[in-house]
Amino acid sequence: RDNFKNLKLVRPIKSPPRVVDLKKRTGDLERDLVCGTRQDAVILTINDRVTRKVKLGWMPRKSSELVHRMTLRLLKGTKVQTLTNDNGSEFARHRQTEKKLGAKIYFSRPGRAWERGANENMNGLLRQYFPRTINFEEITVQQIRIAEERLNNRPRKCLGYQTPNEVHRRAGQVLR
């Protein structure tokens, strides 16, 4: 069961270091869940605010324990500065995740999706591969990897028409 008490102890987005808003370093990440029609199976999205590089993880259901474990798996070997997400109960284990990552976790304020704008944009791009109308329980790991690869190799206007992979390599940090 998710521990909703933990969500009362969150750090609102207005308190992260200024460098996070300046988008001058890699490792300031945003995360969210994308749901299908039945809202059972979900895709965890984690992306870098500066480079827009994304990591995707499929989970059979929405649960704070699964989100915690998948986050650690996706970010293994990655230098994480900060992690920002919404106030969903799936992030109730944020203190455990913070401790394991050695990074601060922040929460956007309710109704302010723009505080995680890079992630909201990424979720919109992900919908091109996995629209709301499909059952996410039928998605394969291979389909997730293909979508992740395509998104990370897709030129972006906000990156001067470079790909997230190109920008990430130049920044000297590679998500494995």
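Just so it is clear, the structure is predicted and the values come from calculations on it, not from any experiment. (Residues numbered from 1 in each chain as written. Predicted model: local features only at pLDDT ≥ 70, side-chain atom pairs only at ≥ 80, totals over all residues. Heavy atoms only, no water.)

1. Quick look at the nonpolar core
By size, the foremost hydrophobic cluster in this structure holds 19 residues, and its most contacted members are Leu44, Ile46 and Met59. Going through the elements one at a time, β1 (28-35), β2 (42-48), α2 (64-74) and β5 (104-107) are the ones with two or more residues in this core. Element by element, the count of residues in this core is highest for α2, at four residues. In this structure, Ile46 is in contact with Leu29, Glu30, Arg31, Lys53, Val54, Lys55, Thr71, Leu74, Leu75 and Leu83, ignoring residues within four places of it in sequence. Counting residues in hydrophobic clusters, the runner-up holds 14 residues, among them Leu56, Met122, Leu125 and Ala147. (Core = buried A, V, L, I, M, F, W, Y, C linked by side-chain atoms within 4.5 Å. Buried < 20%, exposed > 50% of the residue type's maximum accessible area, 1.4 Å probe, protein only. Helix = DSSP H or I, 4+ residues; strand = E, 2+ residues; numbered from the N terminus. Contact = heavy atoms within 4.5 Å.)

2. Describing the confidence of the model for the protein chain
Residues with a pLDDT of 70 or more make up 82% of the protein chain, whose mean pLDDT is 85. Confidence drops under a pLDDT of 50 for residues 1-7, and excluding neighbours within four residues, the segment shows 18 contacts in the predicted structure. (pLDDT = per-residue confidence, 0-100.)

3. A short note on the pairing of strand β4 (residues 82-85)
Looking along a regular strand, one sees the side chains alternate between the two faces of the sheet. Residues Thr82 and Thr84 of β4 are buried on one face, and the alternating residues Leu83 and Asn85, pointing to the opposite face, are buried as well. In terms of strand pairing, β1 meets β4 through three bridges, oriented parallel. In the sheet register, Asp28 faces β4, and the bridge partner there is Thr82. Where β4 meets β5, four bridges bridge the pair, whose relative direction is parallel. Across the sheet, Asn85 pairs through a bridge with Phe107, a residue of β5. (Pairing = 2+ DSSP bridges.)

4. Points about the packing of aromatic side chains
Applying the stated criterion across every chain, the model contains one aromatic pair. Pairing Phe130 with Phe136 gives two aromatic rings, centres 6.3 Å apart and planes at 65°, and the pair type is edge-to-face. The same class applies to Phe130 and to Phe136, which are both buried. (Phe/Tyr/Trp six-rings, centres within 6.5 Å; stacked < 30°, edge-to-face > 60°.)

5. Some words on α2
In an α-helix, one turn spans 3.6 residues; hence positions three or four apart end up facing the same way. Of the positions making up α2, those classed as buried are Ser64, Leu66, Val67, His68, Met70, Thr71 and Leu74. On its buried side, α2 packs onto β1, β2, β3 (54-59), β4 and α3 (94-101). The residue sitting at the N-terminus of α2 and contributing the capping side-chain oxygen is Ser63; that oxygen lies 3.3 Å from the backbone nitrogen of Glu65. (Polar contact = N/O pair within 3.5 Å; in protein donor to acceptor, adjacent residues only side chain to side chain.)

6. Description of the pairing of β2
Within β2, seven of the seven residues are buried, which leaves the element mostly enclosed by the surrounding structure. Direction of pairing for β1 relative to β2: antiparallel, over a ladder of seven bridges. Considered in β2, the bridge of Val34 is made with Ile43. Alignment of β2 against β3, held across six bridges, turns out to be antiparallel.

7. A closer look at the environment of Lys104
The topology assignment puts Lys104 in strand β5. Look at Lys104 and you get partly exposed, because its relative accessible area is 43%.

8. Comments concerning the side chain of Glu30
Mapped onto the elements, Glu30 comes out in strand β1. A relative accessible area of 2% places Glu30 in the buried class. Reaching out from Glu30, the side chain makes a polar contact with the backbone nitrogen of Asn119 at a distance of 2.7 Å.

9. Focus on the side chain of Ser63
With respect to the helices and strands, the residue Ser63 is situated in the loop between β3 and α2. For Ser63, a relative accessible area of 11% translates into the label buried. Within polar-contact distance, the side chain of Ser63 engages the backbone nitrogen of Glu65 at 3.3 Å.

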